[in-house]
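Results of the structural survey
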Amino acid sequence: MLRGKFSLRRQLLVWLLIPQVILWVTGAILCYNVATHYATRVLDDSLQETGRALARQVREEGGQLELGLRHSSALMLDRSEQKLYYSVSAIPGGLIAGNHPLSPPPPPPTLAEARTYFGDVTGQQGALRVASMYFPLPASEGASHRWLLVQVAKGLQAHNRLSHEILVATALPLGLLILVMSICVHWGIVRGLKPLTGLKSLMEHRDPQDLAPLELGNAPEEVHALTHALNHLLSTTNENIARQRRFIADAAHQLRTPLAGLKSQTELAMRETTPEGLRDRLNMVHASATRSIHLVNQLLTLARSEPANQTGMPQVRVDLAKLVRELTAEAVPRALAAGMDLGCDSPLLEAPIHGNSALLRELFVNLVENAIKYIPRGGNITVRLNREGALYVVEVEDDGPGIPDEQKPRIFERFYRVNQNDGNGCGLGMAIVKEIAERHHGSVALNDARPHGLIVRVTLPASEDDPALKAEDA
């Protein structure tokens, strides 16, 4: 399922700006709460101070409590910029003085609980902040305690206005700071992603045939990692293309000679007038065609064994011991026809490995056929299979003339033959053996036999489910 395209720049902006907006909103709420708290505290202190001042003006004359408030002070309370509401009462008793009835809080049951109560009420005058204060009075006859209740109230308009002013004074600078920070973040993201833009431009304007490594110069570490991965891909692609070109060139070069010979033999056969001469020419045509078919098969096997073609090759569990015995038995008639003795020496009843059975079969067929092809009649060939630790070792030994030490490193080169005058081979057998062995995480080596001859030694890793390996680990 294909997912929608998304912009890395947009994703970075979203995930960087959303936390900033959340922090800005949280900071504004905290600032508003702090502003409201301190504004309320200032208002409560003012109401409490006014209430205490009123309580000090209460006098008892002739057994009656009176508020000795001067006329000028009363006018000041009524005509102040923000009207002050007050009420002075005796408990038990009644209202002593006041300019607005206020609902009293519950009276304190004991002297120790006498304190100031603050609260918000809503009435005809709007929202009010009320401070209710209890002051003890001398006890009268029939009552254990007497209380003086002073209540003072002010509207919350000024209080709310002060809170809003503090909020605006705090939030606006924070908003400007967030805006500046957002601009800086956007600039930083654009600048940080600039190497990716440069890489995109470099790839868009690059010649499809140009597989040279990419160079970005001073780029971030992450972009260098991406460039390194792309360079590795380009290098692998370049190697595969070079390998294909080399294979095509080699195939064209090697096929040109047998096909030209086949054409010449055919032309000569067409000119023959006697049955004997025509038969001889047809035999030569058949031999040339056989060599061409062998060369094509070898080229195809070599192409299948190359690394670029291994991803699609099935890997299964293969019994190497059974494979070696079967291939040796199949090659016995060819060895007898060539006047040679071919045998198999394998003490292992089972040798499981993980690999491609067709390629492994081609590997050992090439080893045995090379031995049959290049040693003289009357020679001996022995195929051995043994296990050394976690490796299986297959050796093909012959008592032929062997290979000089100076030529052994070149044996695995394509189209290289020890005897260049020998027209029976195409020089691909050992190259195929090496490619297949390496594709199966193994190796191949050439050793001298005693007193003379050659030993081709192939090592392959054993399968993890090999019972012998499990027994050793246990």
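Everything quoted here is computed from the prediction, not taken from an experiment. (Residues numbered from 1 in each chain as written. Predicted model: local features only at pLDDT ≥ 70, side-chain atom pairs only at ≥ 80, totals over all residues. Heavy atoms only, no water.)

Moving on, we get to the overall build of the protein chain. Secondary structure assignment for the protein chain yields 10 helices and 14 strands. For the protein chain, long-range pairs separated by at least 24 residues make up 65% of all intrachain contacts whose partners lie at least 6 apart in sequence. When the accessible area of the protein chain is evaluated, it comes to approximately 28900 Å², of which 58% is carbon and sulfur surface. (Helix = DSSP H or I, 4+ residues; strand = E, 2+ residues; numbered from the N terminus. Contact = heavy atoms within 4.5 Å. Areas by Shrake-Rupley, 256 points an atom, 1.4 Å probe, with all protein chains shown as cover.)

Here Asn370 lies in helix α8 (residues 357–374). With a relative accessible area of 18%, Asn370 lands in the buried category. Residues Asn370 and Met430 lie 60 residues apart in sequence; the distance between their C-alpha atoms is 8.5 Å. The residues contacting Asn370, other than those within four sequence positions of it, are Gly429 and Met430. (Buried < 20%, exposed > 50% of the residue type's maximum accessible area, 1.4 Å probe, protein only.)

So, about the pattern of salt bridges. Think of it this way: side chains of opposite charge can pair up when their charged atoms draw near. Using the criterion set out here, one finds 14 salt bridges in the structure. Among the ionic pairs, Glu350 bridges to Arg317, the shortest N-O distance being 3.3 Å. Of the two residues, Glu350 is situated in the loop between β9 (341–345) and β10 (352–355) and Arg317 in strand β8 (residues 316–319); the sequence distance between them amounts to 33 residues. A residue is classified by how much of its surface remains accessible, and Glu350, at 39% relative accessible area, is partly exposed. Several salt bridges share partner residues, and in doing so they unite Arg384, Glu388, Glu395, Glu397 and Arg457 into one network. (Salt bridge = Lys/Arg side-chain N within 4 Å of Asp/Glu carboxyl O.)

This part covers the packing of aromatic side chains. For the coordinates displayed, the defined rule picks out 1 aromatic pair. Seen from their ring centres, Tyr117 and Tyr134 are 6.0 Å apart, and the 85° between their planes marks the pair as edge-to-face. Residue Tyr117 is found in strand β5 (residues 116–123), and its partner Tyr134 is found in strand β6 (residues 126–137); the two are separated by 17 residues along the sequence. (Phe/Tyr/Trp six-rings, centres within 6.5 Å; stacked < 30°, edge-to-face > 60°.)

This part takes up helix α7 (residues 320–337). The end-to-end C-alpha distance of α7, which contains 18 residues, comes to 26 Å, matching closely the 26 Å that a straight helix rising 1.5 Å per residue would cover. When the local axis directions of α7 are compared, the greatest deviation, roughly 35°, occurs at Ala331, which is followed within four positions by the proline Pro333. For α7, the capping residue at the N-terminal end is Asp319, with a side-chain oxygen 3.2 Å from the backbone nitrogen of Ala321. Just past α7, the residue Gly339 takes up positive phi, approximately 75°. (Expected span 1.5 Å × (residues − 1). Bend = angle between axes of the 7 residues up to and from the residue. Polar contact = N/O pair within 3.5 Å; in protein donor to acceptor, adjacent residues only side chain to side chain.)

This brings us to the packing of α8 against helix α9 (residues 429–439). Taken N-terminus to C-terminus, the directions of α8 and α9 make an angle of 145°; their axes are 9 Å apart at the nearest point. Handedness of the α8/α9 crossing: left-handed. Residues Leu359, Leu360, Glu362, Leu363, Asn366, Leu367 and Asn370 of α8 pack against Gly429, Met430, Ile432, Val433, Ile436 and Ala437 of α9. The residue inventory of the contact of α8 with α9, partitioned by class, reads 9 nonpolar, 3 polar and 1 charged. (Axes fitted to C-alpha atoms, helices over the stretch in contact; angles between N-to-C directions. Left-handed = near helix turned anticlockwise from the far one by under 90°. Nonpolar A, V, L, I, M, F, W, Y, C, P; charged D, E, K, R; others polar.)

Moving on, we come to the pairing of strand β11 (residues 380–388). The sheet contact formed by β9 and β11 spans 5 bridges and is parallel. If you follow Leu342 over to β11, its bridge partner there is Ile381. In this structure, β11 lies alongside strand β12 (residues 391–398), joined through 8 bridges in antiparallel fashion. Considered in β12, the bridge of Val383 is made with Val396. The antiparallel hairpin formed by β11 and β12 contains 2 residues in its connecting segment, where Gly389 sits at a positive phi of about 65°. (Pairing = 2+ DSSP bridges.)

This paragraph deals with the sheet that holds β12. One open sheet accounts for 5 strands, arranged β9-β11-β12-β14-β13; its pairing is mixed. Each of the sheet's edge strands pairs with one partner strand only, and the pair in question is β9 and β13 (443–448). Strand-to-strand twist of the sheet, defined as the mean angle between neighbouring strand axes without regard to direction, takes the value 15°.

Okay, unusual backbone geometry next. For the bond from Arg450 to Pro451, the omega torsion is 5°, close enough to zero to count as cis. Secondary-structure assignment places Pro451 in the loop between β13 and β14 (454–461).

It is characteristic of soluble globular proteins that their nonpolar side chains tend to be buried jointly. The biggest cluster of nonpolar side chains holds 46 residues, and the ones touching the most others in it are Leu320, Phe364, Leu367 and Val458. The set of elements that each furnish at least two residues to this core consists of α7, α8, β11, β12, α9, β13 and β14. If we skip the residues at most four places from it in the chain, Leu367 touches Val396, Met430, Val433, Val456 and Val458. In terms of nonpolar packing, the next biggest core, distinct from the first, is built from 19 residues, Leu47, Leu54, Leu137 and Val152 among them. (Core = buried A, V, L, I, M, F, W, Y, C linked by side-chain atoms within 4.5 Å.)

Moving on, we get to the packing of helix α1 (residues 8–56) against helix α3 (residues 157–192). Packed helix pairs are specified by the crossing angle of their axes together with the interaxial distance, meaning the distance between the axes. Where α1 meets α3, the axes come as close as 9 Å, and the angle between the chain directions of the two elements is 165°. The orientation of α1 with respect to α3, classified from their angle, is roughly antiparallel. Judged by the sense of rotation from one axis to the other, the crossing of α1 with α3 is right-handed. Along the lines of polarity and charge, the residues of the contact of α1 with α3 split into 21 nonpolar, 11 polar and 1 charged. (Parallel < 35°, antiparallel > 145°, perpendicular 65-115°, else oblique.)

What follows covers a nonpolar patch on the surface. Together, Leu8, Leu12, Leu16, Leu196 and Leu226 give the surface a local cluster of nonpolar side chains, amounting to about 370 Å² of exposed area. If one sorts the elements of the nonpolar patch by residue count, α1 sits on top with 3 residues. Residue Leu12 is classed as partly exposed on the basis of its relative accessible area, which comes to 34%. (Patch = residues over 30% accessible without salt bridge, like charges linked within 9 Å, V, L, I, M, F, W, Y side chains within 5 Å.)

The next point concerns the environment of Gly400. For Gly400, the location among the structural elements is in the loop between β12 and α9. Along the backbone, Gly400 and Ala449 are 49 residues apart, and their C-alpha atoms lie at a distance of 9.1 Å. Apart from residues lying up to four places away in sequence, Gly400 is in contact with Ile375, Pro376, His452 and Gly453.

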